[in-house]
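Topology and contacts: notes
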Amino acid sequence: MNLVIPAAPPVLVPVDGGGQFPVRRVYCVGRNYVEHAQEMGFTGREPPFFFLKPADAVVAVADGETGSMPYPSLTQNLHHEVELVVAIGQGGRDIAAADAAAHIYGYAIGLDMTRRDLQGDMKKQGRPWCIGKAFDESAPIGPIHPKARVGELTSGRIELKVNGAVRQTADLSQLIWNVSETIEHLSKAWALQPGDLIYTGTPAGVAAVVRGDLMEATVDGLGTLRVGVR
Ligand code: MN
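These remarks concern the structure in this document. (Residues numbered from 1 in each chain as written. Predicted model: local features only at pLDDT ≥ 70, side-chain atom pairs only at ≥ 80, totals over all residues. Heavy atoms only, no water.)

1. So, the overall build of the protein chain
When helices and strands are tallied, the protein chain shows five helices and 17 strands. Computed over its C-alpha atoms, the radius of gyration of the protein chain comes to 17 Å, within 12% of the 17 Å expected for a compact globule of 230 residues. For the C-alpha atoms alone, the extent of the protein chain along its principal axes is close to 45 × 40 × 35 Å. Here the protein chain, with 230 residues, has 49% of them falling under the buried criterion. A sequence separation of at least 24 residues applies to 76% of the contacts in the protein chain between residues at least 6 apart. (Helix = DSSP H or I, 4+ residues; strand = E, 2+ residues; numbered from the N terminus. Rg over C-alpha atoms; globule rule 2.2 N^0.38 Å. Buried < 20%, exposed > 50% of the residue type's maximum accessible area, 1.4 Å probe, protein only. Contact = heavy atoms within 4.5 Å.)

2. Quick notes on the pattern of salt bridges
Evaluation of the coordinates by the stated rule reveals eleven salt bridges. For Glu81, the salt bridge identified is with Arg116, shortest N-O distance 2.7 Å. You can see Glu81 sitting in the loop between strand 7 (78-79) and strand 8 (82-88) and its partner Arg116 sitting in helix 2 (residues 116-125), a full 35 residues away along the chain. Of the residues examined, Glu81 reaches a relative accessible area of 4% and is grouped as buried. Linking Glu216 and Arg226 is a salt bridge whose minimum nitrogen-to-oxygen distance equals 3.3 Å. Note that Glu216 is positioned in strand 16 (residues 214-219) and Arg226 in strand 17 (residues 224-229), a separation of ten residues in sequence. When salt bridges that share partners are traced, they join Lys53, Glu81, Asp112, Arg116 and Lys133 into one network. (Salt bridge = Lys/Arg side-chain N within 4 Å of Asp/Glu carboxyl O.)

3. Side note on the sheet that holds strand 17
In space, the five strands of this open sheet follow the order 6-17-16-13-14, with mixed pairing throughout. Looking along the sheet, the strands with just one partner apiece sit at the ends: strand 6 (66-69) and strand 14 (165-171). Sheet twist, expressed as the average angle between the axes of neighbouring strands with direction ignored, equals 20 degrees. For strand 13 (residues 157-162) and strand 16, the ladder comprises five bridges, and the chain directions are antiparallel. By the bridge assignment, Leu160 is partnered in strand 16 with Ala217. (Pairing = 2+ DSSP bridges. Axes fitted to C-alpha atoms, helices over the stretch in contact; angles between N-to-C directions.)

4. What about the packing of aromatic side chains?
A ring pair, where both rings are aromatic, is described by two values, the distance of the centres and the angle of the planes. For the structure on display, the rule yields five aromatic pairs. Ring pairs connect the aromatic residues Tyr27, Phe50 and Trp190, which therefore count as one cluster. Its end group placed over the ring of Phe135, Lys53 keeps NZ or CZ at 5.8 Å from the ring centre. (Phe/Tyr/Trp six-rings, centres within 6.5 Å; stacked < 30°, edge-to-face > 60°. Lys NZ or Arg CZ within 6 Å of the ring centre and 35° of its normal.)

5. Brief notes about the coordination of the manganese ion
Every protein donor of the manganese ion is accounted for by Glu81 (OE), Glu83 (OE) and Asp112 (OD), and the metal-donor separations fall at 2.0 to 2.1 Å. Donor residues for the manganese ion, ordered by position in the chain, follow E-x1-E-x28-D. Using a relative accessible area of 0% as the deciding quantity, one classes Glu83 as buried. (Donors = N, O, S within 2.8 Å, 3.2 Å for Na, K, Ca; no water.)

6. Quick word on helix 5 (residues 179-189)
Listed as buried for helix 5 are Val179, Ser180, Thr182, Ile183, Leu186 and Ser187. Projected down its long axis, helix 5 carries its buried residues within an arc of 155 degrees, all on one side. Exposed residues on helix 5 whose side chains face more than 90 degrees from its buried face are Lys188 and Ala189. Buried-residue contacts for helix 5 involve strand 3 (26-29), strand 4 (50-53), strand 8, strand 9 (104-111) and strand 15 (197-199). Structurally, the start of helix 5 carries an N-cap: the backbone nitrogen of Ser180 is 3.1 Å from a side-chain oxygen of Asn178. (Arc of directions from axis to C-beta. Polar contact = N/O pair within 3.5 Å; in protein donor to acceptor, adjacent residues only side chain to side chain.)

Here's what the structure looks like:
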């Protein structure tokens, strides 16, 4: 190989029990809990929709550690969104919901950090959300827990505290489009590959964080993801 510039290093997320998960793409689902859709001004069960973050937006936080992310540029309104993340181990296209579980390697807790003011401006103008969603270090994530160890996650509490106060709380069973249905829809639009992550959407209660805040995200069975804003 004769690289003319340095290649980007692989993006790796630690796996609970050992090993590293190499990240290829980061897909995100918009408005996937009813009360969050309502707080964003929408009602009803619309088809799922997707956006992406670059793989190198991932900030991997090892078990037991407190990670950190910088307060990003250009925004006055950085929001937290706690989400269940699905890690794809086996690729495919046009995957039926009934077959989706076989494509899942594992699960993690993730934060879909959002420059809400910039996202809002882009929405109003009918422009892409990238500047609001896909900025550097916008995707903190905890260790990936293999499905072989934790089983298939279809219910369980998902919660986010900021400085000890609960901001977001729901149950995974309240997802509008569950994980299997999400994989069915997503794999019609893109061929999924090993290494893909899917941030499955956030419950109600999204709100701002500022420098010095500590976010503590939990999903039953997946431990706690701690991230400070610096
Ligand atoms: Mn989100």
